[in-house]
Amino acid sequence: MSFPSSGPTLREQALRALQTRDWPDKLRAVAAIDDAASVDSRAQLKDPADLPGRPARPELVLPDQLAPRPVHTPEGRAAMLHALAHIEFNAINLALDAIWRFADQPEAYYRDWLCVAREEAYHFDLLNRHLATLGHAYGDFPAHNGLWEMAEKTRDDLLARLALVPRTLEARGLDASPPIRRKLAGAGDMKAAAILDIILRDEIGHVAIGNHWYRHACEQHGLDPIATYAELVQRYGAPKLRGPFNLEARRAAGFSEEELRAL
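Our subject in this report is the structure included herewith. Remember, it's a predicted structure, so these values are computed and weren't measured experimentally.

Here we look at the packing of helix H1 (residues 10-19) against helix H3 (residues 74-101)
- Taken N-terminus to C-terminus, the directions of H1 and H3 make an angle of 145°; their axes are 8 Å apart at the nearest point. For the pair H1 and H3, the sense of crossing is left-handed. Here H1 contributes Leu 10, Arg 11, Ala 14, Leu 15, Ala 17 and Leu 18 to the contact with H3, which in turn contributes Asn 93, Leu 96, Asp 97, Ile 99, Trp 100 and Arg 101.
- Among the residues making up the contact of H1 with H3, the classes are represented as eight nonpolar, one polar and three charged.

Structural notes on the environment of Gly 237
- On the secondary structure map, Gly 237 appears in the loop between helix H8 (225-236) and helix H9 (247-252).
- Gly 237 gets classed as partly exposed once you look at its relative accessible area, which sits at 48%.
- In sequence terms Gly 237 and Lys 153 are 84 residues apart; their C-alpha atoms lie 9.5 Å from each other.

Description of helix H2 (residues 23-32)
- Among the residues of H2, Lys 26, Leu 27 and Val 30 are the ones counted as buried. Buried residues of H2 fall within an arc of 100° about the axis and therefore sit on the same side. Opposite the packed face of H2, turned more than 90 degrees from it, sit the exposed residues Arg 28, Ala 31 and Ala 32.
- Looking at the buried side of H2, the elements it contacts are H1, H3 and helix H4 (107-132).

Here is what the cut-offs are and how they apply
Residues numbered from 1 in each chain as written. Predicted model: local features only at pLDDT ≥ 70, side-chain atom pairs only at ≥ 80, totals over all residues. Heavy atoms only, no water. Axes fitted to C-alpha atoms, helices over the stretch in contact; angles between N-to-C directions. Helix = DSSP H or I, 4+ residues; strand = E, 2+ residues; numbered from the N terminus. Left-handed = near helix turned anticlockwise from the far one by under 90°. Contact = heavy atoms within 4.5 Å. Nonpolar A, V, L, I, M, F, W, Y, C, P; charged D, E, K, R; others polar. Buried < 20%, exposed > 50% of the residue type's maximum accessible area, 1.4 Å probe, protein only. Arc of directions from axis to C-beta.

Structure below.
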């Protein structure tokens, strides 16, 4: 890949970070993206064949092949934290992919997703450091690839990506976070519970960014956001959402009362 003498654009740097395989290098690559670099939103970047960059471990399996994670045992708690770290690692990649892949968006779009990528990297680091206190590290347990599979399905459709990744799959984290936090706190792991508080706080903002740009895209194309969302769920086979729902967090993330009633 060749870059102009002025240096790689922000979108090119995001692609480089996405291609990075080992997680310590990926965290450094995300932190090193130059905020002062030009975005060059019009550039159509070539899609590499090796996306996303990720380490050889964890082993990726089907969701139903994952063992239960009883948090009252140290091993079960480590497996739970590993699953959360895996979600955050995928979320780093998803934010980076949103930056480089989709051209012709407002500059604020790219800078919003860079902010998301950095916060997801922070979450991953928090979880992985805490995992180390239990004698484990990222890669020690198998994981599934559901988040990235939806990214693959929506690789050519920004509207679908915004509808079905931040507004659907990541919004599920708003619902799941409180019960997981309660389990961890009940097992006496208050450090993990505090990390979940940080993640929920930040994820509300991430889902809000997804809501903002989804509605912006609908407006640009003259589409009704609610009817379009239902159609995209059907077209791409998105998972059906099941309660209980964290309505307070979803409201804070910008879901309308009509959307909440539709749940």
